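# Close look at the chain arrangement
So the chains spell out like this:
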Amino acid sequence: MSRTFFPSVHQTEKIGIICNLKHSGDHGKDSGDPEAEYDSMETVQAIQAALIRHGLCTCLIEQDERLSEKLRSEGITMAFNIAEGRGGRGREAQVPALLEYLNIPYTGSDPVALGISLDKNLTKTLAAAAGVRVPFSVLLQNGTDDLPSDIPYPVIVKPNAEGSGKGLSENCVAENREELLEILQKEGPNYPEGLLAEQYLGGREFTVAMIGNGKNLQAFSPMEIIYRHNTQRSFQVYSYRIKCDYRKYVDYRCPAVLTPEEEREMTESAKKIFRSLGCRDVARADFRMDAEGRICFLEINPLPGLAPGYSDLPMITASAGMDYDDTVYSIYQAAAGRLGMYRITAPDGEKTAGEVSAADWNDWHWQFRNRIRSSEELSQKLPLCTQEKHEIDEVCRSFRMAVTPYYLSLIDPEDPHDPIRRMCIPSIQETVPCADDRVDPLNEDADSPVPHIVHRYPDRVLFLVTMECSEYCRFCTRRRIVGEEDRAISDREMEAAVGYIRDHAEIRDVLISGGDPLTLSTERLETIICALRKIPHVEIIRIGTRIPVVMPMRITSELLDMLKKYQPVWINTHFNHPNEITPESAAACRRIADAGIPVGNQTVLLKSVNDDLETMRELMKRLVRNRVRPYYLYQCDLSRGISHFRTPVEKGIEIIHGLQGFMTGFAVPKFVIDCPGGGGKVPVDYNYVRSCGGNEYVLENYAGKIYVYPQPKEEG
Ligand code: SF4
């Protein structure tokens with residue numbers, strides 16, 4: 001997917017992937033110790049494909065003696081660095097140092113952070129200084145000469161400056177001084193940078209992945225490495241051999257089962273070390289518990305492996321709902337943001353409106369202020385012919401347009417049928433009248449006892465707190481409200497609405513909607529929620545919002561800290577297409593879930609957007625991966641100017657039938673029609689009951705097979 005209004009130039013930038021390739025063996029992972037940390041061609045190609053899929057131009061550059069020459073001749077504007085270097089304690093720093101010398105920006109940590117983190121002893125010293133618990137260790141550089149007498153056995157002996165479990169095996173654990181001397185004599189000559197004798201911790205082992213920088217540094221939930229087979233001496237060592245053959249020896253559990261306090265300590269410690277070493281963009285930190293269950297830091301890897309389906313980091317991000325492409329792209333984005341490479345580009349790749357800083361791009365106020373509201377503004381971001389501009393102007397006379405720069409960036413400018421485009425850019429079809437169109441299709445105004453309250457169902461109300469949205473969806477059912485003016489309810493209107501709820505003790509559930517309530521300031525929203533929370537019979541507060549989809553940067557910690565004070569709060573969001581689930585929107589959903597707020601999703605079935613089984617299946621899978629529960633699939637309403645989005649009801653039934661049984665039960669939404677005229681939601685489903693009568697039900701299962709369920713026999 002390419003982007004038009006996004007923090008990268010795409011068509012003028014060229015990303016060079018700098019790597020060391022495995023040359024021995026078959027490009028697999030098990031190609032022997034000397035190349036243990038190098039990447040296979042499959043991995044490098046997967047990274048390249050991920051960047052290309054996100055619209056970036058790339059080339060591969062292998063680190064060899066001609067690297068400097070290649071960097072100059074390729075004309076890259078940024079390097080995606082995964083090179084491990086070519087020997088020595090400072091090897092990982094070699095490529096970044098050269099890139100800095102040539103003034104080429106790059107992803108990942110700088111030479112100093114890479115140099116320090118490769119030195120396990122030095123890293124642990126800095127971690128301890130930052131207040132993180134580390135196990136006892138001693139660096140042995142002179143063979144057996146400097147062996148202290150007070151070592152707490154057993155100890156594991158590791159090369160001080162190697163990664164990927166290189167030089168580690170179960171035979172590296174010494175239970176007494178004699179065994180330690182033997183290991184040192186055998187291994188010492190192989191590792192001139194020294195060996196580290198570290199207290200062996202017998203507890204559980206974890207690794208934490210991190211992506212981002214500064215306030216946006218995200219530490220993912222830890223992954224536990226669970227040893228399946230005890231090794232010959234019952235010491236569990238995550239060695240290179242085990243990593244290569246991990247299916248045989250270990251299981252991975254992600255997220256690990258930890259108490260909230262343990263998880264917090266581990267992720268916070270990981271971030272602390274990341275920051276104290278000056279790491280950037282991406283890293284992975286390893287931890288182990290001691291026999292008492294205390295969490296100890298082992299090492300950090302600012303150049304973690306990215307082999308799809310094999311390396312720890314992509315496994316961790318996958319379990320958090322990020323697919324491989326998005327993981328790679330997030331690393332690129334972290335670097336681009338840090339380097340201030342966010343910029344606005346015209347369709348032809350030329351800069352037009354100046355650069356946008358990362359801080360601005362990630363600031364929801366900036367996104368809101370810079371919404372695209374006219375055909376003129378839009379034509380600077382998307383290629384539009386005169387006719388299209390004219391048509392957009394004509395539609396906007398009846399139904400206005402607003403699109404956040406972020407949401408616009410998801411459109412593929414080359415594809416006139418792009419689903420995101422269809423959902424946010426006006427189409428002349430909106431001006432074609434349809435006999436079934438209604439101004440208020442759900443007859444909400446008739447069920448409104450006081451302005452801004454819709455009281456249709458016995459125990460719950462809809463509270464419309466604003467007429468404003470960050471983006472005006474072309475399929476909106478509430479166009480009569482959001483299409484007119486940008487206005488939130490006044491204090492007086494709020495008091496009247498809250499008063500109505502207070503006076504009706506049967507109301508136990510309030511759905512705050514609009515417009516989009518999250519366009520309000522956090523303070524204003526808190527005033528409303530706080531007033532509702534003071535009403536004893538209001539048990540649940542729900543917020544209906546499309547903000548995580550169209551402006552995910554609005555999901556700030558300030559907002560979530562406020563909402564957490566008024567639990568139970570639920571958020572229902574509105575993803576319609578898998579392309580809307582980006583690293584940014586997925587992270588927003590995860591932040592909401594992490595705040596203890598359940599997230600549901602409603603989808604509207606839209607012709608030529610999501611009216612096919614594969615699209616819907618992918619959407620539901622991605623939602624669930626991001627801890628968002630699919631809730632309703634709506635048949636499109638009869639609102640004015642949206643008839644071109646309507647599909648036959650049978651299409652929805654067909655899609656639900658194709659999901660049911662083929663994916664996790666709670667990943668299948670309920671297909672409903674909101675009855676025209678105000679009849680409320682009615683579930684519509686495939687009829688799995690073939691017949692009933694007598695004493696049995698004849699049922700068809702998801703695969704079309706027939707089964708009979710006997711009814712209980714009547715007594716007597
Ligand atoms: S965010 Fe909701 S209320 Fe606003 S335009 Fe979109 S569908 Fe309508």
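Residues numbered from 1 in each chain as written. Predicted model: local features only at pLDDT ≥ 70, side-chain atom pairs only at ≥ 80, totals over all residues.

## Digging into the overall build of the protein
For the record, the criterion: We count a stretch as a helix when DSSP gives it H or I for four or more residues in a row; a strand needs E for two or more, and each element gets its number in order from the N terminus. C-alpha atoms define the radius of gyration in this analysis, and the globule rule sets the expected value at 2.2 Å times the number of residues to the power 0.38.
Counting its regular elements, the protein contains 25 helices and 27 strands. What you see for the protein is a C-alpha radius of gyration of 29 Å, in line with the 27 Å of a compact globule of 716 residues. Taken along the three principal axes of its C-alpha coordinates, the protein extends 90 × 80 × 55 Å.

## Here we look at the sheet that holds strand E1 (residues 14–19)
Spelled out, the test is: When DSSP finds two or more bridges between two strands, those strands count as paired. Axis angles are defined between N-to-C directions and span 0 to 180 degrees, where every axis is a line fitted to C-alpha atoms and, for a helix, only to the segment in contact.
The sheet built from 3 strands is open, its strands ordered E2-E1-E3 with parallel pairing. Only two strands of the sheet have a single partner each, and these edge strands are strand E2 (57–62) and strand E3 (78–81). The mean inter-strand angle of the sheet, taken between neighbouring strand axes irrespective of direction, is 30 degrees. Where E1 and E2 come together, 6 bridges link them in parallel fashion. By the bridge assignment for E2, Gly16 is matched with Cys59.

## As for the sheet that holds strand E4 (residues 137–140)
Here is the rule we go by: By the criterion used throughout, residues are in contact when their C-beta atoms, derived from the backbone, lie within 7 Å.
Taken in spatial order, the 4 strands line up as E4-E7-E5-E6 in an open sheet, and their pairing is antiparallel. Every other strand in the sheet has two partners, leaving E4 and strand E6 (173–174) as the edge strands with one partner each. Where strand E5 (residues 155–159) meets E6, 2 bridges bridge the pair, whose relative direction is antiparallel. Within E6, the residue paired with Ile156 across the bridge is Val173. Sheet strands touched by helix H6 (residues 177–187): E4, E5, E6 and strand E7 (195–199). Its angle to E5, the strand with the most contacts, is close to 10 degrees.

## Observations regarding the confidence of the model for the protein
Worth spelling out the cut-off: As a per-residue quantity, pLDDT reports the predictor's confidence and falls between 0 and 100.
For the protein, the average pLDDT comes to 88, and 90% of its residues sit at 70 or higher. Every residue in residues 1–12 is under pLDDT 50, and counting partners more than four places away or in other chains gives 50 contacts. Every residue in residues 343–354 is under pLDDT 50, and counting partners more than four places away or in other chains gives 24 contacts.

## Details of the packing of helix H24 (residues 613–625) against helix H25 (residues 649–659)
Where we set the bar: Relative orientations are named as follows: roughly parallel for angles under 35 degrees, roughly antiparallel for angles over 145 degrees, roughly perpendicular for angles from 65 to 115 degrees, and oblique for any other angle. Handedness of a helix crossing follows the sense of rotation of the near helix relative to the far helix, less than a right angle counterclockwise being left-handed and clockwise being right-handed. Each residue is assigned to one of three groups, with Ala, Val, Leu, Ile, Met, Phe, Trp, Tyr, Cys and Pro labelled nonpolar, Asp, Glu, Lys and Arg labelled charged, and all others, Gly among them, labelled polar.
Two elements in contact, H24 and H25, have axes separated by 10 Å at closest approach and are oriented at 55 degrees. In terms of orientation, H24 and H25 fall into the oblique class. For the pair H24 and H25, the sense of crossing is right-handed. On the side of H24, the interface is formed by Leu613, Met616, Arg617 and Met620, while H25 contributes Ile655, Gly658 and Leu659. Taken together, the residues of the contact of H24 with H25 break down into 5 nonpolar, 1 polar and 1 charged.

## Notes on the environment of Thr556
Residue placement: Thr556 occurs in the loop between helix H21 (547–550) and helix H22 (557–564). Linking Thr556 and Ile592, residues 36 residues apart in sequence, is a C-alpha distance of 9.2 Å.

## Some words on helix H20 (residues 522–533)
Within an α-helix, residues lying three or four positions from one another point in the same direction, as the helix has 3.6 residues per turn. Operational definition: To estimate how far a helix should reach, multiply one less than its number of residues by 1.5 Å. Burial is judged by counting other C-beta atoms within 10 Å of a residue's own C-beta: 20 or more means buried, 12 or fewer means exposed, and anything between counts as partly exposed, with every C-beta placed from the backbone. The arc under discussion is defined with respect to the helix axis, by the directions toward the C-beta atoms.
The end-to-end C-alpha distance of H20 is 16 Å, a good match for the 16 Å that 12 residues give at a rise of 1.5 Å each. The complete set of buried residues in H20 reads Leu525, Ile528 and Ile529. The buried residues of H20 all sit within an arc of 90 degrees when viewed along its axis, so they share a single face. Exposed positions of H20 whose direction lies more than 90 degrees from the buried face are Glu523 and Cys530. Looking at the buried side of H20, the elements it contacts are helix H19 (491–503), strand E18 (509–513) and strand E19 (540–544).

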